[in-house]
There are 2 protein chains.
Amino acid sequence: MYSEFELIARYLAPTSAADAAGVELGVGDDCALLVPTPGMRLAMSVDTSVADVHFPADAPAAAVGHRALAVSLSDLAAMGASARWCLMSLTLPTADEAWVADFAAGFHALCKASGVTLAGGDVTRGELAVGVTVIGEVPEGQALTRRGARPGEVVAVTGALGGGAGGLARWQAGRRDRDDPLLRRYLTPEPRLAAGMALRELASAAIDVSDGLLADLGHLCAASGVGVALSPEALPLAEGLAAALGDSGARRAALSGGDDYELLVTLPAECLAPACERLAADGLALTAIGRVTDTPGITGVAEKGVAGWQHFSGDAS
Amino acid sequence: MYSEFELIARYLAPTSAADAAGVELGVGDDCALLVPTPGMRLAMSVDTSVADVHFPADAPAAAVGHRALAVSLSDLAAMGASARWCLMSLTLPTADEAWVADFAAGFHALCKASGVTLAGGDVTRGELAVGVTVIGEVPEGQALTRRGARPGEVVAVTGALGGGAGGLARWQAGRRDRDDPLLRRYLTPEPRLAAGMALRELASAAIDVSDGLLADLGHLCAASGVGVALSPEALPLAEGLAAALGDSGARRAALSGGDDYELLVTLPAECLAPACERLAADGLALTAIGRVTDTPGITGVAEKGVAGWQHFSGDAS
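As the structure is a prediction and not an experimental result, all values here were calculated from the model.

Description of empty space enclosed by the protein
Argument step 1. For the coordinates displayed, the defined rule picks out three cavities of 30 Å³ or more.
Argument step 2. Of the volumes computed, that of the largest cavity is approximately 240 Å³.
Argument step 3. Looking at the largest cavity, it is lined by 27 residues, and the ones nearest its centre are Thr48 and Thr91 of chain A together with Thr48, Thr91 and Ala129 of chain B.
Argument step 4. Looking at the lining of the largest cavity, the elements with two or more residues in it are strand S3 (40–50), strand S4 (82–92) and strand S6 (129–139) of chain A together with strand S3 (40–50), strand S4 (82–92) and strand S6 (129–139) of chain B.
Argument step 5. Take the lining of the largest cavity: its biggest share by element is five residues, from S6 of chain A.

Things to note about the sheet that holds S4 of chain A
Argument step 1. Reading across the sheet, the six strands line up as S5(A)-S4(A)-S6(A)-S3(A)-S2(B)-S1(B) and stay open at both edges, with mixed pairing between neighbours. Pairing within the sheet leaves two strands with one partner each, and these edge strands are strand S5 (117–125) of chain A together with strand S1 (23–25) of chain B. For this sheet the average axis-to-axis angle between neighbouring strands, irrespective of direction, equals 20°.
Argument step 2. Bridge analysis of S1 of chain B against strand S2 (residues 32–34) of chain B gives two bridges, and the strand direction is antiparallel. Each residue of the ladder has a partner; that of Val23 of chain B, found in S2 of chain B, is Leu34 of chain B.

Overview of the interface of chain A and chain B
One frequently used descriptor of interface size is the decrease in accessible area upon assembly of the parts.
Argument step 1. Listed as interface residues are 62 residues of chain A and, on the opposing side, 62 residues of chain B.
Argument step 2. Interface area lost by chain A to chain B is led by Asp30, Met44 and Arg125 of chain A, which between them contribute 15%.
Argument step 3. Counting across the interface, chain A meets chain B through six salt bridges.
Argument step 4. The shortest N-O distance in the salt bridge between Asp30 of chain B and Arg146 of chain A comes to 3.1 Å.
Argument step 5. In this assembly, chain A and chain B are joined by 18 residue pairs in polar contact (both at pLDDT 80 or more).
Argument step 6. In terms of residue count, S3 of chain A provides more of the side of chain A that touches chain B than any other element does, ten residues in total.
Argument step 7. When its residues are assigned to classes, the side of chain A that touches chain B shows 31 nonpolar, 16 polar and 15 charged.
Argument step 8. Sheet topology note: the strand S2 (residues 32–34) of chain A/S3 of chain B ladder contains three bridges and is antiparallel. If you follow Leu33 of chain A over to S3 of chain B, its bridge partner there is Ala43 of chain B.

Re the packing of helix H4 (residues 163–172) of chain B against helix H8 (residues 241–256) of chain B
Residue and element names in this part refer to chain B.
Argument step 1. At their nearest, the axes of H4 and H8 sit 10 Å apart, and the two run at 130° to each other. Accordingly, the angle class assigned to the pair H4 and H8 is oblique. When the axes of H4 and H8 are compared, the crossing they make is right-handed. Only Leu241, Ala244, Leu245 and Ala253 of H8 make contact with H4, whose side of the interface consists of Ala165, Gly166, Ala169 and Arg170.
Argument step 2. Considering only residue class, the contact of H4 with H8 consists of six nonpolar, one polar and one charged.

As for a negative patch on the surface
Argument step 1. Among the surface-exposed residues, Asp52, Asp58 and Glu127 of chain A together with Asp52, Asp58 and Glu127 of chain B lie close enough to one another that they form a single negatively charged patch.
Argument step 2. We classify Glu127 of chain A as partly exposed; its relative accessible area is 39%.

Re helix H8 (residues 241–256) of chain A
Residues and elements named next belong to chain A.
Argument step 1. Helix length check: H8, at 16 residues, gives a terminal C-alpha distance of 14 Å against a target of 22 Å (1.5 Å per residue), a shortfall beyond 12%.
Argument step 2. By the largest-angle criterion, Asp247 marks the main kink of H8, which is about 100°.
Argument step 3. Taken residue by residue, H8 has Leu241, Gly249, Ala250, Ala253, Ala254, Leu255 and Ser256 as its buried positions.
Argument step 4. Close packing links the buried residues of H8 with helix H4 (163–172), helix H5 (181–187), helix H7 (213–224) and strand S9 (227–230).

Observations regarding the domain arrangement of chain A
Residues and elements named next belong to chain A.
Argument step 1. Once the domains are mapped, chain A shows domain 1 (4–139) and domain 2 (154–299).
Argument step 2. Between the C-alpha centres of domain 1 and domain 2 the distance comes to 25 Å.
Argument step 3. Counting residues at the interface gives 26 residues for domain 1, matched by 19 residues for domain 2.
Argument step 4. Taken over both partners, the interface formed by domain 1 and domain 2 buries close to 1700 Å², and the fraction arising from carbon and sulfur atoms is 63%.
Argument step 5. Taken as a group, Arg67, Ala77 and Ala78 account for 28% of the area that domain 1 buries against domain 2, more than any other trio of residues on that side.
Argument step 6. For the interface between domain 1 and domain 2, the tally reads one salt bridge.
Argument step 7. Arg67 is the partner of Asp259 in a salt bridge, and the nearest nitrogen-oxygen pair spans 3.2 Å.
Argument step 8. Linking domain 1 with domain 2 are five residue pairs in polar contact (both at pLDDT 80 or more).
Argument step 9. Counting only elements with at least two residues in the side of domain 1 that touches domain 2, the list comes to helix H2 (61–79), S4, helix H3 (97–114) and S6.
Argument step 10. With eleven residues, the single largest contributor to the side of domain 1 that touches domain 2 is H2.
Argument step 11. Residue composition of the side of domain 1 that touches domain 2, by class: 16 nonpolar, six polar and four charged.

Criteria and thresholds
Residues numbered from 1 in each chain as written. Chains lettered and ligands numbered in written order. Predicted model: local features only at pLDDT ≥ 70, side-chain atom pairs only at ≥ 80, totals over all residues. Heavy atoms only, no water. 1 Å grid on protein atoms, 1.4 Å probe; cavity = no way out; pocket = protein on both sides within 12 Å on 5 of 7 lines; lining within 4 Å. Points joined across faces, edges and corners; volume = space filled by probe spheres on them. Helix = DSSP H or I, 4+ residues; strand = E, 2+ residues; numbered from the N terminus. Pairing = 2+ DSSP bridges. Axes fitted to C-alpha atoms, helices over the stretch in contact; angles between N-to-C directions. Contact = heavy atoms within 4.5 Å. Buried area = accessible area lost by both parts, 1.4 Å probe. Salt bridge = Lys/Arg side-chain N within 4 Å of Asp/Glu carboxyl O. Polar contact = N/O pair within 3.5 Å; in protein donor to acceptor, adjacent residues only side chain to side chain. Nonpolar A, V, L, I, M, F, W, Y, C, P; charged D, E, K, R; others polar. Parallel < 35°, antiparallel > 145°, perpendicular 65-115°, else oblique. Left-handed = near helix turned anticlockwise from the far one by under 90°. Patch = residues over 30% accessible without salt bridge, like charges linked within 9 Å, V, L, I, M, F, W, Y side chains within 5 Å. Areas by Shrake-Rupley, 256 points an atom, 1.4 Å probe, with all protein chains shown as cover. Lys, Arg positive; Asp, Glu negative; His and termini not counted. Charge placed at Lys NZ, Arg CZ, Asp CG, Glu CD. Buried < 20%, exposed > 50% of the residue type's maximum accessible area, 1.4 Å probe, protein only. Expected span 1.5 Å × (residues − 1). Bend = angle between axes of the 7 residues up to and from the residue. Domains from an automatic or database assignment.

Shown next, in the form of structure tokens:
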């Protein structure tokens, strides 16, 4: 009665913590039944990662699993939401059980590290793709959106930039050493969930850096109706980036490379120090990189019209 | 800055009813923000429909949109949940705007008819596939699951069976007349949401018929730890099915064909009449087709070991 694909779906069963995580009924029925926290808003997002569009088809299976979840969790982080549940749609060309076991290990490890419970999903046949729906919670009125930036505020970014582009360049150059910090940044990005929650009442607007700093800053400016004067020399560069790409390559990667999954926020000047303190408690830097202005557009960068990141393949988001 | 795929994503923006439907923030930020109803459980499910696996790649675009949503909504119906929101992941080989416009029209029309609001999603490049996450609500303790069937109860099914298989046979025979009731059943199935809610306090267990009656009845029996004595002569056959497939073909389609998206329920004998009345108010039949027994297995059918439906392509679920 069961196909190979249904057997494989067993690797994607919820972890044992399900009962304690607001999952009344998990995989094995028509729907998952979840218990939301009273008084909270639900934050939801879905991202599909397609092989050779969003990641190399020959990337390590565990990294594919980690990365597909991380990309979606990054959207919850950008809203200041906690991560609670996820659903996964896995599309596979063949029922390769060893690959799925590694993939599931990477996925489940990040579930555990992020406090998110896999509550359901499906496995189908087709070109390799992973769709992940994430569901988080945020107190009413405290969600961070792209809309709240005001002239005079500080623009800041968590962690370091350019690691996604730098790591992809290494991958494409044939480097496979897992200890390489840039490769690690590209293959297994860390969603900034704790930072997003810590910034809830300090930041006025937020977005995650998935398409590249300039592109995502452009989205935030458009939503808020403001501009930004950027200080490119202040951009925090990913470890090893300048050595790998040279100074100008590193700056370009930091400005326009994608897949960094850092948080880009605006906040009143007086909130910068407390925000830095909160993030430092988790070992994460927050760096001021510019000012919000009332003139639309981004100034301070020579590379006008530098296009946003197009992920792996270069022609579709 | 925007790719063709991002432009196309505009067809998938929420309908204007969003504000009134518990959507605090829809498409256009990192996450959708949703307002759940206090005291309700969330019911969630995701289904991915892959071209030439779950539907013919050359099916009308509007039908592809309708069908991808209907398949997921059917899972909410089987839990007795109301439909509230959905997220869509659309993967397209090319940015064909006319196709997407038709696809979106089919999707949005079923959203409207089902009271569900599209709250977000993404569009990516790759083999044609549609992933739909649905989120519904059901009062605590009232969800219908596969687990509650008890010996002595009646087994019943909504509507009529075999229409999915009959319609697919017509499609594969080159029939394209949209007025054909079997083709319509296959291309644009109607999720039984109202029936699922009406059966909440009457049915003891429920599942939707997606893989075929015998296969799905098997799932229900396994989850409940019971068997079923089926009365195959009682199976309600889809309109035109016997004329299209002959008597034995029609019976086989009703038993083992898939994609019917009817609800298969068990209920105490005394609940059958009130259940029929409730569904009749919506113009839907509920037909008793067997009895729950305490002996595992399904009896009453000659076709032992008839395999479950494998959708369009025949080798993966």
